[in-house]
Amino acid sequence: MKAVAIRRGSDEPELIEKPRPEPKHGEALVRTLRVGVDGTDHEVLSGSHGGFPEGEDHMVMGHEAVGVVEDPNGTGLDEGQYVVPTVRRKPNGETNEYFRRNEPDMAPDGEYFERGIVGEHGYMSEYFTSPADFLIPIEAEIAPYGIFVEPLSNTEKALEHARATRSAFDWYPESAAVLGNGPLGLLTLWQLTQEFDRTYCLGRRDRPDPTIEFIDEVGATYIDSRETPVDEIPDEHEGMDFIYEATGYAPHAFETVQALAPNGVGALLGIPGSWDFEIDGGSLHNDIVLHNKCLFGSVNAGIRHFAEGAAVVEAMPDDLLDHLVTTVTDPENVEPAFEDGDDQIKAIVEFESP
Ligand code: NDP
């Protein structure tokens, strides 16, 4: 079968031939329809994130996927069922307390593999196998957009954790800002417009730009960080009850505290590299304490968050989802899917039309 993989020592995706996988006991065989490309895939290609499966000279790319069950293999799934696979897997197939509790997203480094990112092949191949427990059934109508379930699962988890941090008092949030106008930020922005009265999204681009058009379309306010740095948002707009950081720009983690309203909560999702810079730690500490602010990090998602992510995709208008899809290529011609210009929002490698 065809697969798109990264080889050790290379920083470019390559089309390879691999044997079709055989499902083991408890696994189903899935025929791949579409696989999305995101910032993490670029980090995997550049070698700054993730790691190859042990003993392999390559890793099949891709962790945002949608497929259709080809062989249920006695798992209880139905042949022809559309599914989205989750990302985290037991390391070397060995379970641990996080997987036993159904909370693989809370496992620390070394206690999980991630398909297409660390330790295990991804989904960018004509077929893949997966334990049935890690395949989320979705409705046929959202199959063309199934690759959005995975990023939205990250948002569902972050929102659940944000609400949990504010659950000890009566919290009536009205304002929310997303930092970052990449695919994760824009999907999240739409979700926040459904829950918050006033929403904002931060970028660093001039109009006309497809991401700013999306921000306008969902009724949010665009903030250009070159004109309004994050710590000046309260003066220019208002203090935010909730901030979702999805830039990966490390100073934003700390500026988020200043941009929060009293009793607000900031979720950090971005994954920056090492970077030394100065901050006024005293004022930051003071602000967090005297205004009951909360800042937390969130990575990956639990199985229930994938089901919630699918519900968000179902609720999202098709024209907005279409706006986010800027490239669809076949596996023989993946280069355009890995281009990263300002006109690219979400690129998809399509193995079979959904
Ligand atoms: P992208 O890199 O596509 O998006 C980041 C966006 O932030 C870009 O549009 C970029 O603008 C913008 N940005 C960066 N710096 C600034 C700045 N100083 N001011 C204003 N805008 C800025 O990534 P994704 O949307 O795919 O993901 C967002 C982040 O979340 C990444 O760091 C990614 O690694 C991480 N991530 C984390 C997950 C988790 O579970 N925690 C899951 C998935 C992703 P421009 O394009 O104009 O440069």
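Residues numbered from 1 in each chain as written. Predicted model: local features only at pLDDT ≥ 70, side-chain atom pairs only at ≥ 80, totals over all residues. Heavy atoms only, no water.

1. Description of the site of the ligand
The environment of the ligand is formed by 24 residues, the closest being N181, R204, R205, S225 and N300. In this structure, E43 approaches the ligand through a side-chain N or O atom, which is 3.4 Å from an oxygen atom. A distance of 3.1 Å separates an oxygen atom of the ligand from a polar backbone atom of I271. Alone, the ligand offers 930 Å² of accessible surface; in the complex the protein occludes 83% of this. Those elements that provide at least two residues to the shell around the ligand are α1 (39-46), α4 (183-193) and β13 (198-203). (Near = heavy atom within 4 Å. Polar contact = N/O pair within 3.5 Å; in protein donor to acceptor, adjacent residues only side chain to side chain. Areas by Shrake-Rupley, 256 points an atom, 1.4 Å probe, with all protein chains shown as cover. Helix = DSSP H or I, 4+ residues; strand = E, 2+ residues; numbered from the N terminus.)

2. Topic: the packing of helix α3 (residues 149-165) against α4
Following both chains from N to C, one finds α3 and α4 inclined at 55°, their axes separated by 9 Å at the closest point. Between α3 and α4, the crossing angle belongs to the class labelled oblique. Between α3 and α4 lies a crossing whose hand is right-handed. Taking contact as the criterion, the partners of P151, L152, T155, E156 and L159 in α3 are, on α4, L184, L187, T188, Q191 and L192. (Axes fitted to C-alpha atoms, helices over the stretch in contact; angles between N-to-C directions. Parallel < 35°, antiparallel > 145°, perpendicular 65-115°, else oblique. Left-handed = near helix turned anticlockwise from the far one by under 90°. Contact = heavy atoms within 4.5 Å.)

3. Brief notes about the nonpolar core
Counting 88 residues, the largest nonpolar core has M124, F148 and F242 as its most contacted members. Per-domain counts for this core show at least three residues from each of domain 1 (2-137 + 317-350) and domain 2 (154-297). Each residue touching F242, except ones within four places of it in the same chain, is listed here: L159, A162, S175, A176, A177, L192, F196, L260, V265 and A267. Judged by nonpolar contacts, the second largest core, of 11 residues, contains L179, V230, I243 and A259. (Core = buried A, V, L, I, M, F, W, Y, C linked by side-chain atoms within 4.5 Å. Buried < 20%, exposed > 50% of the residue type's maximum accessible area, 1.4 Å probe, protein only. Domains from an automatic or database assignment.)

4. Observations regarding the UniProt feature "domain: Glucose dehydrogenase C-terminal" (unreviewed entry) in the chain
Here, UniProt's "domain: Glucose dehydrogenase C-terminal" (unreviewed entry) annotation points to residues 143-351. In residues 143-351, the share of helix is 38% and the share of strand is 21%. The end C-alpha atoms are 13 Å apart. (UniProt positions renumbered as here; feature names shortened; annotations may be inferred.)

5. Thoughts on the packing of aromatic side chains
Two measures describe an aromatic ring pair: the distance that separates the ring centres and the angle between the ring planes. This model, assessed by the stated rule, comprises six aromatic pairs. Aromatic side chains F196 and F242 sit 5.9 Å apart centroid to centroid with 10° between the ring planes, which places their arrangement in the stacked category. Of this pair, F196 sits in the loop between α4 and β13 while F242 sits in strand β15 (residues 240-245); the two residues are 46 residues apart in sequence, bridging distant segments of the chain. Across the pair, F242 and F196 agree in class, each one buried. A centroid spacing of 5.1 Å and a plane angle of 65° characterise the contact between W275 and F277, whose relative ring orientation is edge-to-face. Judged by its relative accessible area of 42%, W275 is partly exposed. On the accessibility criterion, F277 (29% relative accessible area) is partly exposed. Taking NZ or CZ as reference, R88 lies 3.5 Å from the ring centre of Y112, over its face. (Phe/Tyr/Trp six-rings, centres within 6.5 Å; stacked < 30°, edge-to-face > 60°. Lys NZ or Arg CZ within 6 Å of the ring centre and 35° of its normal.)

6. A closer look at the layout of surface pockets
The volume enclosed by the second largest pocket comes to roughly 810 Å³. Taken together, 33 residues make up the lining of the second largest pocket; nearest its centre are K24, E27, R115, E120 and T129. In terms of residues, the lining of the second largest pocket owes the most to one element, strand β10 (residues 127-131), which gives four residues. Looking at the lining of the second largest pocket residue by residue, the class counts come to 14 nonpolar, nine polar and 10 charged. (1 Å grid on protein atoms, 1.4 Å probe; cavity = no way out; pocket = protein on both sides within 12 Å on 5 of 7 lines; lining within 4 Å. Points joined across faces, edges and corners; volume = space filled by probe spheres on them. Nonpolar A, V, L, I, M, F, W, Y, C, P; charged D, E, K, R; others polar.)

7. Overview of the domain arrangement of the chain
In terms of domain boundaries, the chain breaks down into domain 1 (2-137 + 317-350) and domain 2 (154-297). Each of domain 1 and domain 2 has a C-alpha centre, and these two points are 29 Å apart. Between domain 1 and domain 2, the residue contacts involve 12 residues of the former and 15 residues of the latter. Between domain 1 and domain 2 lies a buried interface of about 1200 Å² when both sides are counted; carbon and sulfur atoms form 67% of it. (Buried area = accessible area lost by both parts, 1.4 Å probe.)

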